[in-house]
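# Descriptive analysis of the structure
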Amino acid sequence: FVTVTDMKTEEQLSSTIKSLNEDTSLDSSRIRYVLGKHELSDFESADVVIKNPGVKYGGNKFLAAAKSIETDLSIFLHFTNAPIIAVTGSKGKSSTVSAIHYGLTKAGFKCFLGGNITVSPLTFLEETNEKTPVVLELSSWQLSDLRGRKLLKPYICVITKIMADHQNWYGAMEPYVADKKLIYADQDKNDFAIFTKDDEWGNIFASECNANILRYSSKTPSQDGCWFVKDENGTPYGKGVLQTTYDSHPKIALEEVSVPGNHMKEDLLNAALVMRLMQVPVSKIKEILATFPGIQHRLEFFHEWKNSSGVSFRFYNDSASTVPDSTAAAINAFETAPILLSGGTDKVLDFTPLANEIHKAAKVFLLSGTGTDKLLPLLDERKIKYETPCQSLAELFTKLKSYLETIESCEAKTIPVLFSPGATSFGMFSNEFDRGNKYKSGVLENF
């Protein structure tokens, strides 16, 4: 028998339970649910406990009583012999792994994508072999769960830029970064590791890692790696160049892209470098990544609407933006000043980076939350106007629609409406994906 236990109630987990009960591949009569609580005897008697990465070991009497603890990731890595491409970092992980998976699939690989991107690798374990690359997005929590197990030895690993995150969990940057380092801890000279050249964290990683090191940069060329050069108009993020041992000279691998934002271009260029290490020709890489459509909840364009005056608005869902720096970057992704919808729950982060960029937004609407409470004084100091924080999405949509109807003309072809919280979703929503889906549904109902 399998016992499924969660501190969430049956009502909160109703959709998940329904999907399990309707799955004909499962014998639901052998599943026992203990919901809204944990029972110590379940952990004491279980042969193995499969832990969610978001559950802490420290001070947890239930995990302390378990004979053996695994995660879906540790089980997968124990049994698969597929080449692993692993990505971690503070932001850009999901865009990077999605672009890698998209690129390798389009290049002809039978490739799988899983991990923190909400797909358990156990769902495709039996389909993997030594010829099927598996792209894994790994959070710091998932990496921490693998500490000392000697299970993770990626053929290629990527660490996207490091910034303050999850400080409500870690309390300081050092233990947070220590978990990130586990992605390359067991690599050797048969493997590859890709780190930034633009900050000290990347330099530290490169000095410690035993794999073949490649560096990425927003502008600085590297003997092995990728970087951007200015185009003929002087645009800093004009063309993406890569140089590897497979190439006799640097080659343009990224030029025209379908997704907005310089940070998205960086993620795509890292994906290009991974594809080249998998020996995809540069000309093919450039062709494939030009068509990458982006991913859900990350600067996702999903709807266009015109008001009664005929002014057009394009709605973007960036709900996966859970740190202030990410929302600051999202604001700068648009040539036309966006109408910003932001705010949420604090993760013990500094909102100054967002406060310093938010003046570039044409209008600011906010959802209430502890993160919003930290942002407001910073906006007041800078004399930046904003609407009174809303207690729900419904209230936000009412205010937003009323405002959009007042706009009678604009110089731009369309005006972006950007939902980029820069904070977590706890309180109003189950998680950032639930938040994004409810935002999109609400937009489609109201506009």
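Note that the structure is predicted; figures quoted are calculated from it, not measured.

Here we take up the overall build of the protein. Assigned secondary structure in the protein consists of 16 helices and 18 strands. For a compact globule of 447 residues, the expected C-alpha radius of gyration is about 22 Å, and the protein comes in at 23 Å, within 12% of that figure. Taken over the C-alpha atoms alone, the protein extends approximately 65 × 60 × 40 Å along its principal axes. Taken over 447 residues, the protein has a buried fraction of 51%. Considering only residue pairs separated by 6 or more positions, the protein has 63% of its internal contacts joining residues 24 or more positions apart. Roughly 20,600 Å² of accessible area belongs to the protein as shown, and the carbon and sulfur atoms make up 49% of that amount.

For the rest of this paragraph, the subject is helix H11 (residues 282-289). Since the α-helix turns once every 3.6 residues, residues separated by three or four places project in the same direction. Looking only at H11, the buried set comprises Val282, Ile285, Ile288 and Leu289. Buried residues in H11, looked at end-on, bunch into an arc of 125°, giving them a common side. Opposite the buried face of H11, by more than 90 degrees, sit the exposed residues Ser283 and Glu287. On its buried side, H11 packs onto helix H5 (93-106), strand S12 (239-243), strand S13 (251-254) and helix H10 (262-277).

Moving on, we get to helix H9 (residues 200-208). Of all the residues in H9, the buried ones are Gly202, Phe205 and Ala206. The arc that holds every buried residue of H9, seen down its axis, measures 100°, which confines them to one face. Away from its buried face, by an angle of more than 90 degrees, H9 presents the exposed residues Glu200 and Ser207. N-capping of H9 is provided by Asp199, with a side-chain oxygen placed 3.1 Å from the backbone N of Trp201.

Turning to the nonpolar core, a few remarks are in order. Membership of the largest hydrophobic core comes to 62 residues, with the highest contact counts inside it found for Ile194 and Ile358. Considering each element in turn, this core owes the most residues, nine residues, to H10. One finds Ala86, Leu125, Ile183 and Phe205 within the second-largest nonpolar core, a separate group that totals 31 residues.

Bringing the packing of aromatic side chains into the picture now. For any pair of aromatic rings, the description rests on two quantities: the centre-to-centre distance and the angle between the ring planes. In the structure shown here, the tally under the stated rule is 19 aromatic pairs. Three or more aromatic residues joined by ring pairs form one cluster here, namely Phe302, Trp305, Phe313, Phe315, Phe397, Phe419, Tyr439 and Phe447. One Lys or Arg, Arg30, reaches over the ring of Phe1 and ends 4.9 Å from the middle of that ring. The ring of Phe447 has Lys401 sitting right over it, with the charged end atom 5.7 Å from the ring centre.

Looking now at the pairing of strand S16 (residues 339-342). Of the two faces of S16, the one carrying Ile339 and Leu341 and the one carrying Leu340 and Ser342 are both buried. As paired elements, S16 and strand S17 (residues 363-366) share four bridges and run parallel to each other. In the sheet register, Ser342 faces S17, and the bridge partner there is Leu366. One crossover worth recording links S16 to the parallel S17 by way of helix H13 (residues 352-357), and it is right-handed. Pairing geometry for S16 and strand S18 (residues 415-419), over three bridges, is parallel. Each residue of the ladder has a partner; that of Leu341, found in S18, is Phe419.

Let us look at the pattern of salt bridges. On inspection of all chains with the given rule, the structure shows 24 salt bridges. The salt bridge involving Arg147 is made with Asp179; its shortest N-O contact spans 2.4 Å. Highlighted residues: Arg147 in the loop between helix H6 (140-145) and strand S8 (156-159) and Asp179 in helix H8 (residues 173-180), separated in sequence by 32 residues. On the basis of relative accessibility, which here comes to 5%, the residue Asp179 falls in the buried class.

Let us look at the sheet that holds S12. If you walk across this open sheet you meet the nine strands as S6-S7-S5-S8-S9-S10-S11-S12-S13, and the pairing is mixed. In this open sheet, the two edge strands, each paired with only one partner strand, are strand S6 (112-115) and S13. Going from strand to strand, the sheet's axes swing by 25° on average, the running direction of each strand aside. Pairing of strand S5 (residues 84-88) with S8 involves four bridges; the strand directions are parallel. Across the sheet, Ile85 pairs through a bridge with Ile156, a residue of S8. H10 rests against S5, S8, strand S9 (192-196), strand S10 (212-216), strand S11 (225-229), S12 and S13 of the sheet, and its axis sits at about 140° to S11.

Read across the sheet, five strands follow the order S14-S15-S18-S16-S17 without closing on themselves; strand pairing throughout is mixed. This sheet does not close on itself; its edge strands, each paired only once, are strand S14 (300-306) and S17. Geometrically, the sheet is characterised by an average inter-axis angle of 20° between neighbouring strands, direction not taken into account.

Counting through the fold element by element, Ser95 comes out in helix H5. Each residue touching Ser95, except ones within four places of it in the same chain, is listed here: Met264, Asp267, Phe292, Ile295 and Arg298.

Our focus in this paragraph is the side chain of Ser319. By the secondary structure assignment, Ser319 is in the loop between strand S15 (312-317) and helix H12 (324-331). For Ser319, the contacting residues outside a window of four places in its chain are His297, Phe419, Pro421, Glu432, Arg435 and Gly436.

Rules used throughout
- Residues numbered from 1 in each chain as written.
- Predicted model: local features only at pLDDT ≥ 70, side-chain atom pairs only at ≥ 80, totals over all residues.
- Heavy atoms only, no water.
- Helix = DSSP H or I, 4+ residues; strand = E, 2+ residues; numbered from the N terminus.
- Rg over C-alpha atoms; globule rule 2.2 N^0.38 Å.
- Buried < 20%, exposed > 50% of the residue type's maximum accessible area, 1.4 Å probe, protein only.
- Contact = heavy atoms within 4.5 Å.
- Areas by Shrake-Rupley, 256 points an atom, 1.4 Å probe, with all protein chains shown as cover.
- Arc of directions from axis to C-beta.
- Polar contact = N/O pair within 3.5 Å; in protein donor to acceptor, adjacent residues only side chain to side chain.
- Core = buried A, V, L, I, M, F, W, Y, C linked by side-chain atoms within 4.5 Å.
- Phe/Tyr/Trp six-rings, centres within 6.5 Å; stacked < 30°, edge-to-face > 60°.
- Lys NZ or Arg CZ within 6 Å of the ring centre and 35° of its normal.
- Pairing = 2+ DSSP bridges.
- Right-handed = clockwise from strand over helix to strand, strands pointing away.
- Salt bridge = Lys/Arg side-chain N within 4 Å of Asp/Glu carboxyl O.
- Axes fitted to C-alpha atoms, helices over the stretch in contact; angles between N-to-C directions.

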